[in-house]
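Residue strings, one per chain:
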Amino acid sequence: MILSIPQGARILATGSAVPDLCINNQHLSQIVETSDDWIVNRTGIKERRILADKEKSIIDLASSASMNALQKASMKPLDIDLIILATSSPNDLFGSAGQLQASIGAHKAIAFDLTAACSGFVLAIVTATQFIQNGSYNNILVVGADVLSKWINWTDRSTCILFGDAAGAAIVQSCSQEDNGILGFQLNTDGKKAYQLSIPYEQNNYKTINNKTLKIVQGQFKHIVMNGKEVYKFAVSHVPVSILQCLNSLNILPKDIHWLLLHQANERILHAVANRLSISPNKIISNLSKYGNTSAASIPLALDEALNSQKIANNDIIVISGFGAGLTWGTVVIKWKCK
Ligand code: ACO
């Protein structure tokens, strides 16, 4: 969808945070039957960060990333009108965005969670853009944060080697039409395939309460379950189509983009998608060897790192695509505007 409305929106600054504890593949081979060779060859991941401190939560990571972004934008928490926290691992099922708002002192901001796993950051950027373009808000803090280490079955070698914990933040701000940096988007969901990747809620047996007055079923969320092969096939076949549709709607050719920033799930997926679009591997932004798959945090974490290293220049076109549980996938195309 091309965005053609009077109010422009752009990403003003980004920030990120990762926990201190670094677990490399060697460490993991002491926990499950695996090897550094297997993990590197199949995924490209060498190490990941894990939130192990009992006193710390997803809110600490999200707050650090947010303060980092605010500082780079020379803004104060009270300047923020809206906070969108993209996460699938909140510390409160009713939502954690309110805790983030309190933690950073953004007391004037409305705050809500957005749940879309690894596509969460893309959906949150698109959502923030709508609020800016319809004139509702001017300064929006978008955070992608996940601590999937809390939801991993650490005896399942097919999933525990993949994930890491992190948070990434972006300040999306209103601007003139000429400075518009969010050019367009394309989003998709296929709920029929939700079972391929989920953290299912499992019901227990009926429980009678107060001498048979009430018969009720309760349960709990279990661990991440994923059909890796199917999710892999879905990603390499559907993500290029989403990118092409989005670029076509903007009259941009794949060869004219400067950077390809995909959800950091697997190095092989990044290269297969670039290959299908005939995009040079030099244009792939990748940092998953250091952090693994950090779910909603992976795109803003990689974007922040690329910006910090001054890889991205003014007016560069960046194609950003998220994909994952839902199943959800989508693309947002941005033109980077230096402050
Ligand atoms: N170490 C060693 N061997 C392993 C490991 C391991 N950690 N895990 C699996 N194996 C074995 C399997 O048992 C299998 O053995 P077999 O041939 O004897 O049966 C063999 O390795 C191959 O297993 P596959 O599952 O077929 O391996 P594959 O090449 O598909 O790689 C992987 C698995 C890395 C998970 C890949 O499928 C993948 O990246 N899938 C996509 C994941 C993804 O993109 N998720 C998206 C978002 S996440 C979100 O939304 C929260």
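Further up the page is the structure itself.
Residues numbered from 1 in each chain as written. Predicted model: local features only at pLDDT ≥ 70, side-chain atom pairs only at ≥ 80, totals over all residues. Heavy atoms only, no water.

Visitor: So what's going on with the site of the ligand? Which residues, and what values?
Guide: Contacts to the ligand come from 27 residues, most closely from Thr34, Arg42, Cys118, Lys229 and Asn266. Arg42 is positioned with one of its side-chain polar atoms (N or O) 2.6 Å from an oxygen atom of the ligand. Within the backbone of Gly228, one N or O atom sits 3.0 Å away from a nitrogen atom of the ligand. Across the complex, the protein chains shield 75% of the 1000 Å² of accessible surface that the ligand would expose by itself. Taken together, the elements giving at least two residues each to the shell around the ligand come down to helix H2 (36-43), helix H6 (157-160), helix H7 (228-249), helix H8 (267-276) and strand S16 (317-324). The greatest single-element share of the shell around the ligand, amounting to four residues, is contributed by H7. (Near = heavy atom within 4 Å. Polar contact = N/O pair within 3.5 Å; in protein donor to acceptor, adjacent residues only side chain to side chain. Areas by Shrake-Rupley, 256 points an atom, 1.4 Å probe, with all protein chains shown as cover. Helix = DSSP H or I, 4+ residues; strand = E, 2+ residues; numbered from the N terminus.)

Visitor: Explain the packing of aromatic side chains to me, and be specific about the residues and the numbers.
Guide: Going through the model one piece at a time under the given rule, you end up with five aromatic pairs. Seen in terms of ring centroids, Phe131 and Tyr137 are 5.4 Å apart; in terms of plane orientation they differ by 55°. Their pairing is tilted. Taking 5.3 Å as the distance between ring centres and 80° as the angle between the ring planes, the aromatic pair formed by Phe234 and Trp329 counts as edge-to-face. Residue Phe234 is located in helix H7, and its partner Trp329 is located in strand S17 (residues 328-335); the two are separated by 95 residues in the primary sequence. Classification of Phe234 by relative accessible area gives buried; the value is 6%. Each member of the aromatic cluster is reached from another via a ring pair, and the members are Phe112, Phe131 and Tyr137. (Phe/Tyr/Trp six-rings, centres within 6.5 Å; stacked < 30°, edge-to-face > 60°. Buried < 20%, exposed > 50% of the residue type's maximum accessible area, 1.4 Å probe, protein only.)

Just distances and angles here, no functional claims.
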